[in-house]
Amino acid sequence: MIADTPDSVATPLALDFDLLRKYDRPGPRYTSYPTAPKFTETADQAALLDAVARENLDPERPLSLYFHLPFCESRCWFCGCTTVITRRHDVAGDYLDHLERELDLMQPWLNSARRVTQLHFGGGSPTFLAPAEIRRLGEMIHARHQFTPDAEISVEIDPRRLTPAQAQAYHDLGCRRASLGVQDTDPRVQVAIHRVQPLAQTREAVRVLRDTGYTSLGIDLIYGLPYQTEASFARTIDEVLSLRPDRLSVFSYAHVPWIKPAQKILERDQALPSPELKLRLFELALRRLTAAGLVHIGMDHFARPEDELAAAARTDHLHRNFQGYSTRAGASLHAFGMSAISQTEHTYHQNTRDLAAYREAVSAGRLPIERGLVLTDEDRRRRTIIMRVMCDRRVDFADLSARIGTDFETAYAPELASLDDLAADGLLRRVPGALEITPAGAVLRRIIAMRFDPSLAADETRYSRTI
Ligand code: SF4
């Protein structure tokens, strides 16, 4: 069982290994509910756009924007993102032309009085763009949208490609937060995953970003990669901690070669860790990171105690969206570029994942929406419940009832009754009027959330494992 301290600061979380093993099974990450596999190509586009327009009636409703920049110069063999691999940098200018056209196509559907509280550049590699292209992208966005003074603007950085001029260009358009892809610092692992990135290169990227004025840096690691051992991953964690990141994510490698054929290469030499070793790597990360003073936020996310994510976690003010955990509430997400997913109160929709189809649609003056979902009232109630389970330490029944407009305990009595085994295993505590998620439960939040997801039984195997 996990040591149960309020903030877990500098107290290593020691997990019961059998508990981890027991609950290690496929499950969604719940960056949305319903999850993306439920989106359909037959969703009514008029209804999807109508939902976008309806939210404009409230000009106080904030906006969150996402731009998908899909290009990378080489493929990392573990990668599960929607990417376009090319060394031809001239493709970026053409892509920006289409992004600008898409912004214009979306403009009639968005009330320009609504202000942006969050903007994120992901990919692919946002560092594929030249500084002049980054500035152009910033101008395109700022010319069409107003931002709140405290808007959170963030970018994903590939330390192998970052130049000081790129860091400056993203900073000039407002970025203060950056996340750096590292995955593992061990040279043998790096060769095996086709991502050679000496620690000195990552250290230099961190220095450049700090010197440029970025105030929050996150680092992404992955466990479950070929040749990782407990000793090598402990070294990776120590080396990454020496860079003093504000946030750390330790993602589980999802091996899905039937979806991402390049991952098949990782089966060479039979060097992928066994499921047992994979769990031990996660347990090691949890223990070592919390011993170093990081706060466990939920699932695979950690932050320094002074980081706003840790503060939001302490006070149950966390939110969850396609970018993971967030401190910004109530924004609808509008996402641009191939494969990008947008979210309103009543809908999700996703752009085509094919670059040629994306360019063709936008050039023809059509929004490049490929699939989507109009949520039922029941979907929306369950989304609210699942997101509170994914975010809060104390899931308060009165608060949930107010949010979903019906008495939570009565309407979801069967689901609440189904939690007995999780309570017995110490993942949660039943207290009057609430569920308290224990530190062990915070690691296994997906398992608790899955009890409120009626769609799961049929298609569990399409998701990655919960650890
Ligand atoms: S991990 Fe990042 S840099 Fe590597 S292929 Fe995927 S998106 Fe590109």
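Residues numbered from 1 in each chain as written. Predicted model: local features only at pLDDT ≥ 70, side-chain atom pairs only at ≥ 80, totals over all residues.

Q: I keep staring at the site of the ligand and nothing clicks. Help me out?
A: Around the ligand, the neighbouring residues are Cys72, Arg75, Cys76, Cys79, Cys81, Thr83, Gly123, Gly124, Ser125, Asp158 and Gly181. Here the shell around the ligand is built from residues that sort into 4 nonpolar, 5 polar and 2 charged. (Near = placed C-beta within 6 Å. Nonpolar A, V, L, I, M, F, W, Y, C, P; charged D, E, K, R; others polar.)

Q: Would you mind showing me how to read the pairing of strand 13 (residues 332-336) here?
A: In the case of a regular strand, side chains alternate between the two sheet surfaces. With 5 of its 5 residues buried, strand 13 lies for the most part within the structure. Of the two faces of strand 13, the one holding Ser332, His334 and Phe336 and the one holding Leu333 and Ala335 are both buried throughout. Taken together, the 5 bridges between strand 1 (residues 63-69) and strand 13 define a ladder with parallel strand orientation. Residue pairing for strand 13: Leu63 is matched across the bridge by Ser332. (Buried ≥ 20, exposed ≤ 12 C-beta atoms within 10 Å, placed from the backbone. Helix = DSSP H or I, 4+ residues; strand = E, 2+ residues; numbered from the N terminus. Pairing = 2+ DSSP bridges.)

Q: I tried to follow the domain arrangement of the protein on my own but got confused; where do I start?
A: Size of an interface, as often reported, equals the accessible area lost when the parts are brought together. Domain assignment breaks the protein into domain 1 (1-34 + 377-467) and domain 2 (36-333). Inter-centroid distance (C-alpha atoms) of domain 1 to domain 2 is 25 Å. The interface of domain 1 with domain 2 comprises 34 residues on the first partner and 27 residues on the second. For the side of domain 1 that touches domain 2, the secondary-structure elements that each account for two or more residues are helix 1 (17-22), helix 12 (377-391), helix 17 (439-443) and helix 18 (445-450). Grouping the constituent residues of the side of domain 1 that touches domain 2 by class yields 17 nonpolar, 6 polar and 11 charged. (Domains from an automatic or database assignment. Contact = placed C-beta atoms within 7 Å.)

Q: What am I meant to see in helix 7 (residues 199-212) here?
A: Helical periodicity: at 3.6 residues per turn, an α-helix aligns residues three or four positions apart in one direction. For helix 7, built from 14 residues, the straight-helix expectation of 20 Å at 1.5 Å per residue is met to within 8% by its first-to-last C-alpha distance of 20 Å. Of all the positions in helix 7, only Thr202, Ala205, Val206 and Leu209 are classed as buried. Around the axis of helix 7, the buried residues are gathered within 100° of arc, so they sit on the same side. In this structure, helix 7 carries Ala200, Arg207 and Asp211 as exposed residues pointing more than 90 degrees from its buried face. One or two residues past the end of helix 7 sits Gly213, with phi positive at roughly 115°. (Expected span 1.5 Å × (residues − 1). Arc of directions from axis to C-beta.)

Q: I tried to follow the nonpolar core on my own but got confused; where do I start?
A: Burial of nonpolar side chains together is a common tendency in soluble globular proteins. In terms of nonpolar packing, the biggest core is built from 113 residues, with Tyr223, Ile386 and Ile448 touching the most fellow members. Each of domain 1 (1-34 + 377-467) and domain 2 (36-333) contributes no fewer than three residues to this core. Non-local contacts of Tyr223, meaning those with residues more than four positions away in its chain, are made with Gln228, Phe233, Val250, Ser252, Tyr253, Lys278, Leu281, Phe282 and Ala285. Formed by 5 residues, the second largest nonpolar core is a distinct cluster that contains Met338, Leu355, Tyr358 and Val362. (Core = buried A, V, L, I, M, F, W, Y, C linked by C-beta atoms within 7 Å.)

Q: What am I meant to see in the sheet that holds strand 18 (residues 428-431) here?
A: Whenever strands of a sheet pair, they do so through backbone hydrogen bonds, lying parallel or antiparallel. Reading across the sheet, the 3 strands line up as 17-19-18 and stay open at both edges, with antiparallel pairing between neighbours. Edge strands, defined here as strands with exactly one partner in the open sheet, are strand 17 (394-396) and strand 18. Strand-to-strand, the axes of this sheet are offset by a mean angle of 20°, without reference to chain direction. Alignment of strand 18 against strand 19 (residues 434-437), held across 4 bridges, turns out to be antiparallel. If you follow Arg430 over to strand 19, its bridge partner there is Leu435. Most of the contacts of helix 13 (residues 397-404) go to strand 17, to which it runs at about 55°, and overall it touches strand 17 and strand 19. (Axes fitted to C-alpha atoms, helices over the stretch in contact; angles between N-to-C directions.)

Q: What's the story with the confidence of the model for the protein in this structure? I'm lost.
A: Low-pLDDT stretches of the model should not have their predicted coordinates read in fine detail. Within the protein, residue pLDDT values average 92, and 95% of them lie at 70 or more. Counted against residues more than four places away or in other chains, residues 1-9, with its pLDDT under 50, gives 26 contacts. (pLDDT = per-residue confidence, 0-100.)

Q: Sorry, what's going on with the packing of helix 5 (residues 164-172) against helix 7 here?
A: Geometry of a packed helix pair, given as the angle between the helix axes and the separation of the axes. Where helix 5 meets helix 7, the axes come as close as 10 Å, and the angle between the chain directions of the two elements is 40°. On the basis of the axis angle, helix 5 is oblique to helix 7. When you trace helix 5 past helix 7, the crossing you get is right-handed. Along the contact surface, helix 5 presents Pro164, Ala167, Gln168 and His171, while helix 7 presents Val208, Leu209 and Thr212. The residue makeup of the contact of helix 5 with helix 7, split by class, is 4 nonpolar, 3 polar and no charged. (Parallel < 35°, antiparallel > 145°, perpendicular 65-115°, else oblique. Left-handed = near helix turned anticlockwise from the far one by under 90°.)

Q: What am I meant to see in the packing of helix 3 (residues 91-106) against helix 4 (residues 131-144) here?
A: Between helix 3 and helix 4, the shortest axis-to-axis distance is 11 Å and the interhelical angle comes to 5°. The orientation of helix 3 with respect to helix 4, classified from their angle, is roughly parallel. On the side of helix 3, the interface is formed by Ala92, Gly93, Leu96, Leu99, Glu100 and Leu103, while helix 4 contributes Glu133, Arg136, Leu137, Met140 and Arg144.

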